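Fold and contact review
The chain contents come next:
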Amino acid sequence: MECRDRFFMIAVDLSFTGNEPRFDAVDGTGVYPITNWYATECGYSVSVLPLLGHVVLRASYFSCHTDDKDDEVFTFNFNLIATHEGKEVTYALNKTCSPSLPWSPREITCEANYMEVSVRSEVTCPYETMKDDWNAAIKPAYSSAASDWQVTLHKDGEQLTPINLSEARRQGYVFHLTDGRLVFRTPYGQPDSFSTEVNGVPVEVVHATLFSRQSWVVLMVDLVAACSMHEGSYDDSGYMMWETPEVLHPLVSGLHMMQVNIGVSGELVEQPVAEERGYIVEKHNTTVQISIPYNAEGGYRKSFVSGDLYEFYVFDLYLEQISVDEDHIDTRLRFHRTLATPLLPRPVFTENRTVLEERTFAVYLGDVPEDVALAAVHLNGQEFTVPFTNASSHTITEVVHPNNTHGFTLKVPFDDPVVIQQFCKEDAAMQLRLDINYTLVVLPENEPYCHLASVMALTDVSPPAFDAVCSESGISFKLDHRPSDYLWEICIGSDPLTSELAAQHGYIMSNDSQSLLLDVPLFTHGFEYKDITLKGFFGTFEILVQDRETSEVQSSTVKTCPFSTTELIMCSTDGRMTAVADLSLAIQSGGVPARTNLNDKYCGPKEADGTRALFSFPLNSCGSIVKLNKDNVTYENEIFFSRKFSSVKNPADFSNDIERVTIQCTYPLAGLYRLFSVYRFESDTAGVGRIVHFARSTEGDQ
């Protein structure tokens, strides 16, 4: 509740009152509901502004039920009827105000719903040049005047039949005499008012003459209210404009306009101060034009959804014109006008700020008004509420700007599951697409508005790559599937990797829509071995990726792991046998691994320790025996040692049975055709090795 220079104001938040608040005027005679019609008669203006979220009551200092003491102290009493949970609750509101400015001889108020004029009640003789006009008015008034006050309304230059004040009140005209002023108030659009245009600006005028005859004296008061009915206009440069003629009517505005004060929400400032705030006050011929920037202090801006996103601006314009006539009597003319722009498009925009090298979509949503919030984001049809959870790989960051807007930066990695990937043959690239549906809500109503955007990126298509992990028993490979995988073929050597191939070679494979898992046990087909020592060796397995159409190898995943084993045998494609044999039983019989040899006694181990011996030799050497059958060729040799190399001192303690170890490499004949054509060993595949332990009698050996 606030006291202003010429009115009292109450503003209430609609969230407190409900959508249909009501006011009662209260005085010593009772309670009077303020209906629309009663407000225009009694000097009240009530505006319910749901889009702005409040209701405003303005009451003239001369309103009907106001306690007036000497036109200096005014006491207001109102009831506010609010609705809470379906029940009406009444709140008593009261305030005492004193005008901050002295009263001018004549003051005219052009409120939103009524016109009010008040004049000083003391009699002033007219200016001499008006003598003839007064004489013309006095004659009919004198002849018809009675002791009671009467009023004559003027329309289109004619005087209507005088009526008494009671009849005038029934017609909506209110006359009120205070201690020092005479007040006349009327709603707009009365039958006896008339509309005209002054310099193209619509003006409504009500002209009433109040008179009373006391014996031979006739007392007359001319009361004229004239108001600009300009509804306001706007331009594309961001200004709301309102116009009023400098002289509304010869009997209203003085000949000399002295001052213009302007403001919003009922607070006036002088013209230089208003211009510092961005207001523009200009005269065009005899018309005063007020231009208010959309972002002017005291104005209201509101977002609104009607299919698309719009905004509008509302200004409670308060304007005062001070003018002086020939008698040096000043007139204060005040306007209360609610100016509103039409719905103006308020588009938001998206900007693709994606940097391909970062492999992340970056999309900026900008120019979002401050009363619009981001509630959710749909990414390719999947809904994500804002703020995102920490577990999400995509992020959204708010950016606040000084022009009362904000924006949001959305980041989604290319490899996020929500991103749609599709191979584009024309560009020979992978097309990544992200369809975005921003769900915005206008506050405080939470009215939703959706803004759509779509971004795409083209990335080079790379062959699939496996992740590989070593284990004690082999190597595990994993491939996460991508939409482009169908372009490639996975091979082990020259053979495509299928479930049948995996079963044939002893691989363990699982393949679903998400990933391919392949466990390759040690010593299975496809392993290559190097740096073989008794301490261990390195095993390497390679998976090839080739173009499905050209069969050209595009990439490979090679994994080398260290392994250790008690015993092993390897048969290379270039005709070499490498074997680590466990000779533990030979030790028990008195043998020494370092003293062992092959069939050729000059072929000893490359390396030996306390229990094992390492041999590596060409297949056709060291006394190897070749066994040939229909499909395969087998190279066989034997690890053994004689009694003369035994470490046992007492021959009687030496067993007749000495462990013998046979080592074999078997190759399919189909891959050995070069063996018989160029007399050089070369196999298409590695051979299959075996180490066979057995014991045999040593009697007769030397």
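The rules behind these values
- The numbering scheme is per chain: residues are counted from 1 as the chain's sequence reads.
- Whole-chain, interface and lining totals are the exception, using all residues; otherwise, since this is a predicted model, local features are given only for residues with pLDDT of at least 70 and side-chain atom pairs are given and counted only at 80 or more.
- Only hydrogens and water are set aside when side-chain values are computed; all heavy atoms of the structure are taken into account.
- Paired strands, in this sense, are two strands between which DSSP finds at least two bridges.
- Runs of H or I in DSSP of at least four residues are treated as helices and runs of E of at least two as strands, each being numbered from the N terminus.
- Disulfide: a pair of cysteine sulfur atoms within 2.5 Å of each other.
- Whether a residue is buried, partly exposed or exposed follows from its accessible area with a 1.4 Å probe, protein chains only, as a fraction of its type maximum: under 20%, in between, or over 50%, in that order.
- Space inside and on the surface of the protein is sampled on a 1 Å grid over the protein atoms alone, with a cavity defined as a set of points where a 1.4 Å probe fits but cannot get out and a pocket as an open set with protein on both sides within 12 Å along at least 5 of 7 lines; lining residues have an atom within 4 Å of a point.
- Grid points are joined across faces, edges and corners, and a volume is the space filled by probe spheres set on the points.
- We call Asp, Glu, Lys and Arg charged. Ala, Val, Leu, Ile, Met, Phe, Trp, Tyr, Cys and Pro are nonpolar, and the rest, Gly among them, are polar.
- Helix axes are fitted to C-alpha atoms over the stretch in contact, other axes to C-alpha atoms as well, and angles between N-to-C directions run from 0 to 180 degrees.
- A residue's pLDDT is the predictor's confidence in that residue, given on a scale from 0 to 100.
- Residue contacts follow a heavy-atom distance rule, with two residues in contact if any of their heavy atoms lie within 4.5 Å.

A word on the pairing of strand β44 (residues 515-521). Look at any regular strand and the pattern is simple: side chains alternate between the two faces of the sheet. Bridge count between strand β40 (residues 474-480) and β44: seven bridges; the pairing is antiparallel. Considered in β44, the bridge of Leu479 is made with Leu516. The sheet contact formed by strand β43 (residues 508-511) and β44 spans four bridges and is antiparallel. By the bridge assignment, Ile508 is partnered in β44 with Asp519. Taking the residues that link successive antiparallel strands as the turn, the β43-β44 hairpin has three residues.

In this section: the state of the cysteines. In total, this model carries six disulfides according to the counting rule given. Through a disulfide, Cys42 is tied to Cys64; the S-S separation comes to 2.2 Å. Residues Cys42 and Cys64 share a disulfide whose torsion about the S-S bond is about -90°; that sign makes it left-handed. In this pair, Cys42 is assigned in helix α2 (residues 36-42) and Cys64 in the loop between β6 (54-60) and β7 (67-69), connecting sequence segments 22 residues apart. Owing to a relative accessible area of 0%, Cys42 belongs among the buried residues under this scheme. Judged by its relative accessible area of 29%, Cys64 falls in the partly exposed class. Here Cys571 engages in a disulfide with Cys665; their sulfurs sit 1.9 Å apart.

Looking at the second largest pocket, its volume works out to about 1100 Å³. Forming the walls of the second largest pocket are 37 residues, and the residues nearest its centre are Gly526, Phe527, Tyr529, Cys571 and Ala686. When residues of the lining of the second largest pocket are traced back to their parent elements, those giving at least two are β45 (528-530), β46 (537-547), β48 (568-571), β49 (576-582), β54 (657-668) and β55 (688-697). For the lining of the second largest pocket, a count of residues per class yields 16 nonpolar, 13 polar and eight charged.

Before going further, it helps to spend a moment on the sheet that holds strand β39 (residues 467-470). The strand order β39-β40-β44-β43 describes an open sheet built from four strands, whose pairing is antiparallel. Each edge of the sheet is formed by a strand with only one pairing partner; in this case those strands are β39 and β43. Pairwise comparison of adjacent strand axes, ignoring direction, gives a mean angle of 10° for this sheet.

Another point: the confidence of the model for the protein chain. Reading fine detail from the predicted coordinates is not recommended where pLDDT is low. Averaged over all residues, the pLDDT of the protein chain is 85; the fraction at 70 or higher stands at 88%. Of all secondary-structure elements in the protein chain, the lowest mean pLDDT belongs to helix α3 (residues 131-144), at 47, while strand β4 (residues 30-33) reaches the highest, 96. Below pLDDT 50 for its whole length, residues 126-139 participates in seven contacts with residues either more than four positions away or in separate chains. Within the model, the stretch residues 698-702 combines pLDDT values under 50 with nine contacts to residues more than four positions away or in other chains.

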